[in-house]
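Spelled out, the chains give:
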Amino acid sequence: MENQTIEVVLSECAAFKGLAPSSLKYLADCASRLSFAPDAFIFREGEKANRFYLIEEGMVSLELSVAGRGVMTIQTLKKGDLLGWSWFDAPYQWHFDAKALEPTRAIAFDAAAIRARCEEDHAFGYEILKRFVHVMAERLQAARLQLLDVYKPHTL
Amino acid sequence: MNKAPDGISILAGHESAGDAMTPNPYRIRRVAKDTHDTFTIEIEPANGFQNPSYHPGQFNMLYVFGTGEIPISISGDPGESDRFSHTTRVAGTVTRALHNLKRGEMLGVRGPFGSHWPIEQARGKDVVLVAGGIGLAPLRPALLQLICERDRYRQIVLLYGARTPQDILYLKDLEKWKTRYGIDVYITVDRSTKDWRGHVGVVTTLLSGAPFDSSQAMAFVCGPEIMMRFTVMALLKRGMPSEKIFLSLERNMKCAVGFCGHCQYGPAFICKDGPVFSYERIAWLFSKREI
């Protein structure tokens, strides 16, 4: 994956499957590769959400600091997962901390540029929106299941 | 179109209902604590009779004299033919009494009962085991048998979801399966703790990146029913055919041989037609509220 061009990686990843070549090219033009050492923060709660990421390697935790309980990990993301959707939702601020748990490589996208393109080209914007709604729906389902606490011992 | 189950086999392995209803005396070899609320009990036949063979996925009825009888899946190594192992959680009167038994004390055992994981059908294929919580226990014998015949299978993947890091069963085994036997073991917890550096999230989130070919694989799934429902959806979405997905179901059992009707599941009984069913067979029942 490391030696492949960003455009090739995007065309092969599930998250962007089916996007037109011109859209993939545009996304690739707005992207760069970044690496994070273990325990490095990719973004912090409250910061401007001016990027989103496709994880190429490693593992990332989404964390929230809870008074009296310390730092809670809400979820972890792995290779092939998209990280971040606050870039798509005003006021474009991160709601969680994202931290690399392992040596992590990711493709980082210029969110402001992609947002602007979405506004100008609604067909492109709709295709991007569909993909992020899919990710959000999957995470919402997972969060609901997590909330059910299905492994909690119960008495008959 | 899914069909209703057919083909009923009553009292397989037992000569008469009387045999199946009479507990055999067993002696406690060992009671070992697994986690803060789970334990494994190892038992052997007393009075010199031969321990019956069993298939991974089957269960026994364990009778604590003077307290009561409960069904518990067999969690031991099928290769250890002289004993049974059972892993359970301290959840009620009988499991508490079981937990309090000491080495050398006696209990009654009926079984083994029920259907089993179709391990032979998985030869030449990838095998995906998805376990939730204490659902890892009924899958452990299947995994041990797969390891024993490792060359006959392609990729073997274990996806295991636990409530918290403290609730992870068979920690040493998990490490051994991964490092010594080349099993792809992925563990996730629903609720993290400070020291946990692994995955956080429900077990279904592990399925997207797991290394198996859905068109050439079989899945064995065991855990709370709601977890199995979401796991089945995720497996189907990944392209696994419904007839290749097998689930272990649980209901309140009493007789274990299909007489009393306590564990009725539509037209089937969990005790004798299950506990292991192919998803194709029960899909039409699986999300019915009334069942």
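Residues numbered from 1 in each chain as written. Chains lettered and ligands numbered in written order. Predicted model: local features only at pLDDT ≥ 70, side-chain atom pairs only at ≥ 80, totals over all residues. Heavy atoms only, no water.

I tried to follow the overall build of chain B on my own but got confused; where do I start?
Counting secondary structure elements, chain B contains 7 helices and 15 strands. Seen along its three principal axes, the alpha-carbon backbone of chain B occupies a region of about 50 × 45 × 40 Å. Here chain B holds 291 residues, and the buried ones make up 55% of them. Across chain B, contacts joining residues at least 24 apart in sequence account for 71% of those joining residues at least 6 apart. As displayed, chain B offers around 12800 Å² of accessible surface, 48% of which is attributable to carbon and sulfur atoms. If the 35 positive side-chain charges of chain B are averaged to one point and the 29 negative ones to another, these points end up 4 Å apart. (Helix = DSSP H or I, 4+ residues; strand = E, 2+ residues; numbered from the N terminus. Buried < 20%, exposed > 50% of the residue type's maximum accessible area, 1.4 Å probe, protein only. Contact = heavy atoms within 4.5 Å. Areas by Shrake-Rupley, 256 points an atom, 1.4 Å probe, with all protein chains shown as cover. Lys, Arg positive; Asp, Glu negative; His and termini not counted. Charge placed at Lys NZ, Arg CZ, Asp CG, Glu CD.)

Help me understand the sheet that holds strand β10 (residues 199–200) of chain B, please; the structure alone is not making it clear to me.
Either a parallel or an antiparallel arrangement is found when strands of a sheet pair, and the pairing is made through backbone hydrogen bonds. Residue and element names in this part refer to chain B. One open sheet holds the 7 strands; their spatial order is β10-β9-β8-β7-β11-β12-β15, and the pairing between them is mixed. The open sheet has two edge strands, β10 and β15 (276–278), and neither has a second partner. Relative to strand β8 (residues 156–162), strand β7 (residues 126–132) runs parallel, the two being bridged by 6 bridges. Directly across from A131, in β8, lies its bridge partner Y160. Packing against the sheet, helix α4 (residues 171–179) makes contact with β8 and β9 (184–189), and its axis sits at approximately 145 degrees to β9. Its contacts with the sheet put helix α7 (residues 279–286) on β12 (245–248) and β15, and the angle it makes with β15 is roughly 90 degrees. (Pairing = 2+ DSSP bridges. Axes fitted to C-alpha atoms, helices over the stretch in contact; angles between N-to-C directions.)

I'm lost on the pattern of salt bridges in this one. Help?
Pairs can form between side chains of opposite charge once their charged atoms are near each other. Residue and element names in this part refer to chain A. Scanning the entire structure with this criterion turns up 30 salt bridges over all chains. Taking the shortest distance from any N to any O, the salt bridge between K25 and D29 comes out at 3.1 Å. Placement of both K25 and D29 in helix α2 (residues 21–29) is noted, with a separation of 4 residues, approximately one turn of the helix. Take K25: its relative accessible area is 42%, and that puts it in the partly exposed class. (Salt bridge = Lys/Arg side-chain N within 4 Å of Asp/Glu carboxyl O.)

Sorry, what's going on with the domain arrangement of chain B here?
It is common to give the size of an interface as the accessible area that goes away when the parts come together. Residues and elements named next belong to chain B. When cut into domains, chain B gives domain 1 (17–113) and domain 2 (120–286). In this complex, domain 1 contributes 26 residues to the contact, which on the side of domain 2 involves 22 residues. Together, the buried faces of domain 1 and domain 2 total about 1800 Å²; carbon and sulfur atoms form 66% of this surface. At the junction of domain 1 and domain 2, the tally comes to 0 salt bridges. Applying the counting criterion to the domain 1 and domain 2 interface returns 5 residue pairs in polar contact (both at pLDDT 80 or more). Broken down by secondary-structure element, the contributors of at least two residues to the side of domain 1 that touches domain 2 are α1 (17–21), β2 (38–45), β3 (59–64), β4 (68–73), β5 (84–89) and β6 (106–113). (Domains from an automatic or database assignment. Buried area = accessible area lost by both parts, 1.4 Å probe. Polar contact = N/O pair within 3.5 Å; in protein donor to acceptor, adjacent residues only side chain to side chain.)

Explanation requested: the interface of chain A and chain B in the structure shown.
Across the boundary between the two partners, chain A contributes 23 residues, which contact 28 residues of chain B. Here chain A and chain B share an interface that buries about 2200 Å² over both sides, 57% of which is from carbon and sulfur atoms. Along the contact surface separating chain A from chain B lie 4 salt bridges. Notably, a salt bridge pairs D149 of chain A with R191 of chain B, separated by 3.6 Å at the nearest N-O pair. At the junction of chain A and chain B, the tally comes to 8 residue pairs in polar contact (both at pLDDT 80 or more). Counting only elements with at least two residues in the side of chain A that touches chain B, the list comes to β5 (70–78) and α4 (122–148) of chain A. Residue contributions to the side of chain A that touches chain B peak at 8 residues, all from α4 of chain A. Split into classes, the residues belonging to the side of chain A that touches chain B amount to 11 nonpolar, 7 polar and 5 charged. (Nonpolar A, V, L, I, M, F, W, Y, C, P; charged D, E, K, R; others polar.)

Would you explain the packing of aromatic side chains in this entry?
For any pair of aromatic rings, geometry is given as the distance between the ring centres together with the angle between the planes. Tallied over the entire structure, the rule returns 20 aromatic pairs over all chains. Seen from their ring centres, F52 of chain A and F132 of chain A are 5.1 Å apart, and the 80 degrees between their planes marks the pair as edge-to-face. Here the residue F52 of chain A occupies a position in strand β3 (residues 51–57), and F132 of chain A occupies one in helix α4, the gap between them amounting to 80 residues. Judged by relative accessible area, which is 0%, F52 of chain A ranks as buried. Seen from their ring centres, Y265 of chain B and F277 of chain B are 6.2 Å apart, and the 40 degrees between their planes marks the pair as tilted. (Phe/Tyr/Trp six-rings, centres within 6.5 Å; stacked < 30°, edge-to-face > 60°.)

Hey, could you run me through the packing of helix α3 (residues 136–148) of chain B against α4 of chain B in this one?
In helix packing, the relevant descriptors are the interaxial angle and the interaxial distance, both defined with respect to the helix axes. Residues and elements named next belong to chain B. Packing of α3 against α4 leaves a shortest axis separation of 12 Å and a crossing angle of 30 degrees. One element, α3, and the other, α4, form an angle in the roughly parallel class. Relative to α4, the crossing made by α3 is left-handed. Here L136, R140, L143, L144 and I147 of α3 lie close against α4, whose contacting residues are D173, L174 and W177. A per-class count over the contact of α3 with α4 returns 6 nonpolar, no polar and 2 charged. (Parallel < 35°, antiparallel > 145°, perpendicular 65-115°, else oblique. Left-handed = near helix turned anticlockwise from the far one by under 90°.)

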